[in-house]
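# Report on the structure
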Amino acid sequence: MGDIRVGLVGYAFMGRAHSNAYRQVPFYFPELETQPVRKVLCGRSEEPLKAAAAAMGWEETETDFDALIQRDDVDLIDIVTPNNVHVEMAIKAAQAGKHVFCEKPLAMNLAEAKQALAAVEAAGVVHMVCHNYRRAPAVALAKQMLEEGLLGTIYHWRSQYLQDWLLDPQTPAVWRTQKAIAGSGALGDLLAHSIDLALWLVGDIDRVCCDMETFVKERPPLAGIDASLGTTAAAGEKVKVDVDDGVVALARFANGALGTLEATRFAPGHRNYNFFEVNGSKGSIRFNLERMNELEYYNVEDPVGRQGFRLIQTLEEVHPFMGVPEGGGRYWPPGHIVGYEHTFINTVADLLVGIEKSESPAPNFADAVKTQAVLEACDSAAAAGGWAEVGKG
Ligand SMILES: NC(=O)c1ccc[n+]([C@@H]2O[C@H](COP(=O)([O-])OP(=O)(O)OC[C@H]3O[C@@H](n4cnc5c(N)ncnc54)[C@H](O)[C@@H]3O)[C@@H](O)[C@H]2O)c1
């Protein structure tokens, strides 16, 4: 099929992660029929955009998103901007006939997410949302083990996504603290990842009970007045924080399992602790991103006196993403670890396979609508102080 020419919009944190993935995929996945070309980097300000394009190996730049999607030499639009413009851009890109890859959360709310799904389906383009943690080899192994029934009947999902970067009240407001741009705080930023994994590994969630809090209610503006914060604060004035700093939720899965989910930016000592555990009738598995090359597994059928969690290093050729089709290792010899960036490389590789086959790889926009429905139910439950049905606002 040849090259897939990418137009990437946004060029900061995720811009770097995605650029690196496009750069590395041909090296690590040479068997793919399609390979990405870093064609056009899109952003609002010419000077930093050009510097970013040069640093990250993009051929050209474009400051007008509408012009980007009209180009004949771009096949895939990758959206790594703040959340408020995801859906508008995704819809426009789909209507222009481009495949769409979008960062999470897909949308600001459920109605928007459904509009995005309708647009990509109407256009018949390939779509995917970047919940990259699904493609950590240990997480993909967890999925395999669950599908093989190794855990039996699932009783519990338990997840924590903990960060601490907002702990200091003097940390300035950023777009992630502003509802108009982020949609929500720890909820859409962190809990969305855990919800995506919970839906994938355990199944649909019927209802949630939720509470959330904004611990620091106003913050200094970033470098004075920053238009990108969507604030009109005058110099010296504090900016109101109108998103959640931390969120806790209970969940009832359709298959009867019980879930607890927690996400916060106020857990000192946790920079990016992404943990989950699944308990079933035949055993347990647990994952912690800080030790992302390991999956812990407890099997109730191990002999009494020899029972205990075993540590599986997911660094063998037989593990997901770690081997090549003709045999041999994809990355390094067994035991030589992989890292955060490999989750993006693996994700982009699957996206390219999806484009080859004209199939939208999971999590696609339909999966993201389900995640968004749980996020919205969390919001409703927290506002009402009780349980909320998923998908019923
Ligand atoms: N998959 C993950 O693990 C993960 C991790 C971090 C962020 N994200 C998601 O990625 C997205 C971007 O986050 P980030 O951390 O890279 O943010 P960031 O602030 O580091 O970068 C945002 C980029 O978007 C650009 N931008 C801002 N508003 C824009 C607009 N209206 N039009 C065009 N460009 C605009 C900025 O100039 C910047 O280049 C968010 O949706 C976030 O939730 C996902």
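Cut-offs applied
Residues numbered from 1 in each chain as written. Predicted model: local features only at pLDDT ≥ 70, side-chain atom pairs only at ≥ 80, totals over all residues. Heavy atoms only, no water. Near = heavy atom within 4 Å. Polar contact = N/O pair within 3.5 Å; in protein donor to acceptor, adjacent residues only side chain to side chain. Areas by Shrake-Rupley, 256 points an atom, 1.4 Å probe, with all protein chains shown as cover. Nonpolar A, V, L, I, M, F, W, Y, C, P; charged D, E, K, R; others polar. Helix = DSSP H or I, 4+ residues; strand = E, 2+ residues; numbered from the N terminus. Buried < 20%, exposed > 50% of the residue type's maximum accessible area, 1.4 Å probe, protein only. Contact = heavy atoms within 4.5 Å. Pairing = 2+ DSSP bridges. Axes fitted to C-alpha atoms, helices over the stretch in contact; angles between N-to-C directions. Salt bridge = Lys/Arg side-chain N within 4 Å of Asp/Glu carboxyl O.

## Comments concerning the site of the ligand
Close contacts around the ligand come from 23 residues, with Met 14, Asn 83, Lys 104, Trp 175 and Arg 176 the closest. Taking Arg 44, its side chain carries an N or O atom lying 3.4 Å from an oxygen atom of the ligand. One nitrogen or oxygen atom from the side chain of Asn 132 is found 2.8 Å from a nitrogen atom belonging to the ligand. Protein coverage of the free-state accessible area of the ligand, which is 840 Å², stands at 85%. The class makeup of the residues in the shell around the ligand is twelve nonpolar, six polar and five charged.

## Examining the environment of Ala 21
Along the chain, the position of Ala 21 falls in helix 1 (residues 13–28). Judged by relative accessible area, which is 0%, Ala 21 ranks as buried. Note: C-alpha distance between Ala 21 and Glu 341 (320 residues apart in sequence) is 7.2 Å. Ignoring anything within four residues of it in the chain, the contact list for Ala 21 reads Phe 344, Ile 345 and Val 348.

## Thoughts on the sheet that holds strand 2 (residues 34–42)
Pairing is parallel across the open sheet formed by six strands, whose spatial order is 3-2-1-4-5-6. Each end of this open sheet is capped by a strand with a single partner; those strands are strand 3 (60–62) and strand 6 (127–130). Taken pair by pair, the neighbouring strands of this sheet meet at an average axis angle of 30°, ignoring direction. Here strand 1 (residues 2–9) pairs with strand 2 via eight bridges, running parallel. The partner of Arg 5 across the bridge, within strand 2, is Val 37. Lying over the sheet, helix 1 contacts strand 1, strand 2, strand 4 (76–79), strand 5 (99–103) and strand 6, oriented at roughly 150° with respect to strand 2. Where helix 9 (residues 340–357) meets the sheet, it contacts strand 1, strand 2, strand 4, strand 5 and strand 6, and its direction lies at approximately 155° from that of strand 5.

## Quick look at the pattern of salt bridges
Under the criterion given, the structure shown has 24 salt bridges. With its nearest N and O atoms 3.3 Å apart, the salt bridge here joins Glu 277 to Arg 158. Here the residue Glu 277 occupies a position in strand 13 (residues 273–280), and Arg 158 occupies one in strand 7 (residues 154–162), the gap between them amounting to 119 residues. On the basis of relative accessible area, Glu 277 is assigned to the buried category, the value being 12%. Among the ionic pairs, Arg 265 bridges to Asp 189, the shortest N-O distance being 3.0 Å. Taken as a pair, Arg 265 in the loop between strand 12 (258–264) and strand 13 and Asp 189 in helix 8 (residues 186–201) lie far apart in primary sequence, 76 residues in all. Take Asp 189: its relative accessible area is 11%, and that puts it in the buried class. Connected through shared salt-bridge partners, Lys 39, Glu 59, Glu 60, Glu 62, Arg 71 and Asp 73 make up one network.

## Concerning the sheet that holds strand 8 (residues 205–213)
On the basis of which strands lie adjacent, the open sheet formed by nine strands has the order 16-15-14-13-7-12-11-8-17 and mixed pairing. Single-partner strands in this sheet number two, and they are strand 16 (310–313) and strand 17 (387–389). Direction aside, neighbouring strands of the sheet carry axes that sit 20° apart on average. Here strand 11 (residues 246–253) pairs with strand 12 via seven bridges, running antiparallel. Across the sheet, Val 247 pairs through a bridge with Ala 263, a residue of strand 12. Packing against the sheet, helix 8 makes contact with strand 7, strand 8, strand 11, strand 12 and strand 13, and its axis sits at approximately 155° to strand 12. The strands that helix 10 (residues 365–384) touches are strand 8, strand 11 and strand 17; relative to strand 8, the one it contacts most, it runs at about 55°.

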